[in-house]
Amino acid sequence: MLDWTDRHCRFFHRLLSRHARLYTEMVTTGALLHGNVPRHLDFDAAEHPVALQLGGSDTAELAHAARLGRQWGYDEINLNCGCPSERVQRGAFGACLMAEPQLVADCVKAMVDAVDIPVTVKHRIGIDRVERYEFVRDFVGTVAEAGCRVFIVHARNAWLQGLSPKENRDVPPLRYELVYQLKREFPQLTIAINGGFTHEDAVRQALAHVDGVMVGREAYHNPWSIAAWDAAFFGEPGPAADRDAVEEAMVAYMERQQALGTGWYGIARHMLGLRNGQPGARRWRQAWSDHRMKDRSAREVWAVARAALAGPALDVQPA
Ligand SMILES: Cc1cc2nc3c(=O)[nH]c(=O)nc-3n(C[C@H](O)[C@H](O)[C@H](O)COP(=O)(O)O)c2cc1C
C-alpha cells in the first residue's frame, strides 16, 4: 500500500506474523529505470516472504524491473492491475490494464521469461460499470495462459471516473461471490481474495472458497489483530509474545536504522495502532508521534511512551 507498507512497516508486520506474505508498495517501472533503485528495493532479510509489486505496462521495462526484483532477493513479482488513481491511468497502468488483457498477458510473459520466481497479478473484478462475471473470467483466463498462476482479486470494481482512489476502496460494492466463482472455474490457479476483511471469522469463511486472503487496511490500522492469525491459519503460534515484546523489538530496529541515518519518527508511525483498545493507548500513541522528540533517541522516546501508557502524559521538553 502506497506510503504505508514501506520496508519499516513490513519489518513491523513480520514481528506479528511469520507466515503472512508481505507486499511492497507499488513501485513503478519508471522509478526503477530513472530513480534510486536501492532506495526503492532495499529491504531487511527478516521480511521474507516478501513480494515486490510493480506498476507499469511496457513489457521490456517490466522484465527489467522484475529482474532487478529477483536480484534484490524478492520472493515474488506482482503486477498491479487494480490501482485507479488518475496519475496511474495517465501512465496507462493499474486498473485500466484490465481493459487490455492481452497486453497484461504480454507483460506477464515478459516477466515470467525474465525471472524464476512467481509472477502474480493483483486486480479488480471489473472496471467502471462492467459488472459481468465474464469480464473478469476472460481477464484471468487470458493472463493465466501467459504463465500467471496466482491472482489476488480485490473484490470490487474500480470506477475510473469520478471517484478518488480512497472512494474506490469503499464505494463500489464488494462482490466476493465473483471471486469464489473464479476459483471454481480455474481450480488449478491460486486465487486470493481481498477487500474488507477485518475479522478472523470472515477470513475463515472465505478460505472455504479460495486459497488465500489479502488484508490491507485492517492489518495496518489494527496490527495486533493479525498476531493471532499464524495460530489460526498457519498452524503455529505467531512470533509475538505480547505487544510489549513487539515494541521492544521495534526500538532495537529503530536504533539500528538510526545508526544508518533513518530517524525513528518515520518508522514509529507504522506501529501507532499497536495498542488500540488498550488503556492508555492514546497517550502512548501521542508519545510515539510527538515531533518535538524527533531528535531524541528511539530508546528515550520509548521510555516516555511507556510512562505515558502507565499514566497521564508527561510534559515533554524539546531536546
Ligand atoms: C493507503 C493505501 C494505499 C494503497 N496502495 C496500494 C498499492 O500500492 N497497490 C495495491 O495493489 N493496492 C493498494 N491499495 C489497495 C489495497 O491493497 C487493498 O486492495 C484495498 O485497501 C482493499 O483491501 P482492504 O479492505 O483489506 O484494505 C492501497 C490501499 C490504501 C488504503
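Residue indices follow the written sequence of each chain, beginning from 1 at its first position. Per-residue local features of the predicted model are confined to residues with pLDDT of at least 70, and side-chain atom pairs are confined, for both listing and counting, to 80 or more; whole-chain, interface and lining totals are unaffected and use all residues.

Enquirer: Could you give an account of the overall build of the chain, naming the residues involved and the relevant values?
Expert: Helix and strand labels come from DSSP, where a helix needs a run of H or I of at least four residues and a strand needs a run of E of at least two; each type is numbered from the N terminus. A tally of helices and strands in the chain yields 15 helices and seven strands. Radius of gyration here is computed from C-alpha atoms only, and the compact-globule reference equals 2.2 Å multiplied by the residue count raised to the power 0.38. Computed over the C-alpha atoms, the radius of gyration of the chain is 20 Å, within 12% of the 20 Å expected from 2.2 N^0.38 for a compact globule of 319 residues. Buried residues are those with 20 or more other C-beta atoms within 10 Å of their own C-beta, exposed residues have 12 or fewer, and partly exposed residues lie in between; C-beta atoms are placed from the backbone. For the chain, the residues scored as buried account for 40% of the 319 residues in total.

Enquirer: Help me get a handle on the sheet that holds strand S5 (residues 150-154), residues and values and all.
Expert: Any two strands between which DSSP finds at least two bridges are classified as paired. With parallel pairing, seven strands are arranged side by side in an open sheet as S1-S2-S3-S4-S5-S6-S7. Looking at which strands have only one partner, the edges of the open sheet turn out to be strand S1 (22-28) and strand S7 (212-214). The average undirected angle you get between the axes of adjacent strands in this sheet is 25 degrees. The pairing of strand S3 (residues 76-81) with strand S4 (residues 119-124) spans five bridges and is parallel. In this analysis, axes come from line fits to C-alpha atoms, helices being fitted only over the stretch in contact, and the angle between any two N-to-C directions falls in the range 0 to 180 degrees.

Enquirer: I'd love a proper account of unusual backbone geometry, names of residues and values included.
Expert: Cis geometry marks the peptide bond from histidine 48 to proline 49, where omega comes out at -5 degrees. Checked against the element boundaries, proline 49 lands in the loop between helix H3 (37-41) and strand S2 (50-55). Positive phi is not limited to glycine here, since aspartate 3 has a value of about 70 degrees. Tracing the sequence through the fold places aspartate 3 in the segment before helix H1 (7-14).

Enquirer: Can you lay out the UniProt feature "active site" (unreviewed entry) in the chain for me, pointing to particular residues and giving the numbers?
Expert: UniProt positions are given in the numbering used here, feature names are shortened, and annotations may be inferred rather than shown by experiment. With numbering aligned to this structure, UniProt lists the feature "active site" (unreviewed entry) at Cys83. Take cysteine 83: it is sitting in the loop between S3 and helix H5 (86-90). By the criterion used throughout, residues are in contact when their C-beta atoms, derived from the backbone, lie within 7 Å. In this structure cysteine 83 touches Met26, Gly55, Val88, Gly94 and Ala95, once residues within four positions along its chain are discounted.

Enquirer: Describe the site of the ligand, naming the residues involved and giving the relevant values.
Expert: Contacts to the ligand come from 21 residues, most closely from Met1, Leu2, Met26, Gly216 and Arg217. Going through the elements one at a time, S1 and helix H10 (217-221) are the ones with two or more residues in the shell around the ligand. In the scheme used here, Gly and all other residues not listed as nonpolar or charged are polar, with Ala, Val, Leu, Ile, Met, Phe, Trp, Tyr, Cys and Pro taken as nonpolar and Asp, Glu, Lys and Arg as charged. A per-class count over the shell around the ligand returns seven nonpolar, eight polar and six charged. In this analysis, residues qualify as near a molecule or strand once their C-beta atom, positioned from backbone atoms, comes within 6 Å of it.

Enquirer: So what's going on with the UniProt feature "binding site: FMN" (unreviewed entry) in the chain? Which residues, and what values?
Expert: The sites that carry the UniProt feature "binding site: FMN" (unreviewed entry) are, in the present numbering, Gln53, Lys122, His154, Asn194, Gly195, Gly196, Gly216 and Arg217. One can find lysine 122 in strand S4. Taking the number of C-beta atoms within 10 Å as the measure of exposure, lysine 122 has 22 and is therefore buried. Leave out the neighbours within four places in its chain, and lysine 122 touches Asn78, Asn80, Cys81, Gly82, Ile152 and His154. Tracing the sequence through the fold places asparagine 194 in strand S6 (residues 190-194). The residues touching asparagine 194, leaving out its near neighbours within four places in the chain, are Ile152, Val153, His154, Ala155, Met214 and Gly216.

Enquirer: Can you break down the domain arrangement of the chain residue by residue, with the values?
Expert: Here the bounds of each domain stem from an automatic or database domain assignment. For the chain, the domain assignment lists domain 1 (7-234) and domain 2 (243-310). The C-alpha-based centres of domain 1 and domain 2 are spaced at 30 Å. Every contact between the two is made by ten residues of domain 1 and, on the other side, eleven residues of domain 2. The class makeup of the residues in the side of domain 1 that touches domain 2 is seven nonpolar, three polar and no charged.

Enquirer: Explain the packing of helix H7 (residues 133-145) against helix H8 (residues 176-185) to me, and be specific about the residues and the numbers.
Expert: Close contact between H7 and H8 brings their axes to 10 Å; oriented N to C, the two are set at 45 degrees. On the basis of the axis angle, H7 is oblique to H8. As H7 runs across H8, the sense of the crossing is right-handed. Here Tyr133, Val136, Arg137 and Val140 of H7 come into contact with H8, specifically with Leu178, Gln181, Leu182 and Glu185. Residue composition of the contact of H7 with H8, by class: five nonpolar, one polar and two charged. When describing relative orientation, an angle under 35 degrees is termed roughly parallel and one over 145 degrees roughly antiparallel, while 65 to 115 degrees is termed roughly perpendicular and anything else oblique. Handedness of a crossing is defined here by the sense of rotation of the near helix relative to the far one, left-handed for an anticlockwise turn of less than a right angle and right-handed for a clockwise turn.

Enquirer: Report on the environment of tryptophan 288, specifying residues and quantitative values.
Expert: You can see tryptophan 288 is positioned in helix H14 (residues 281-288). For tryptophan 288, the contacting residues outside a window of four places in its chain are Ala268, Leu272, Val301 and Ala305.

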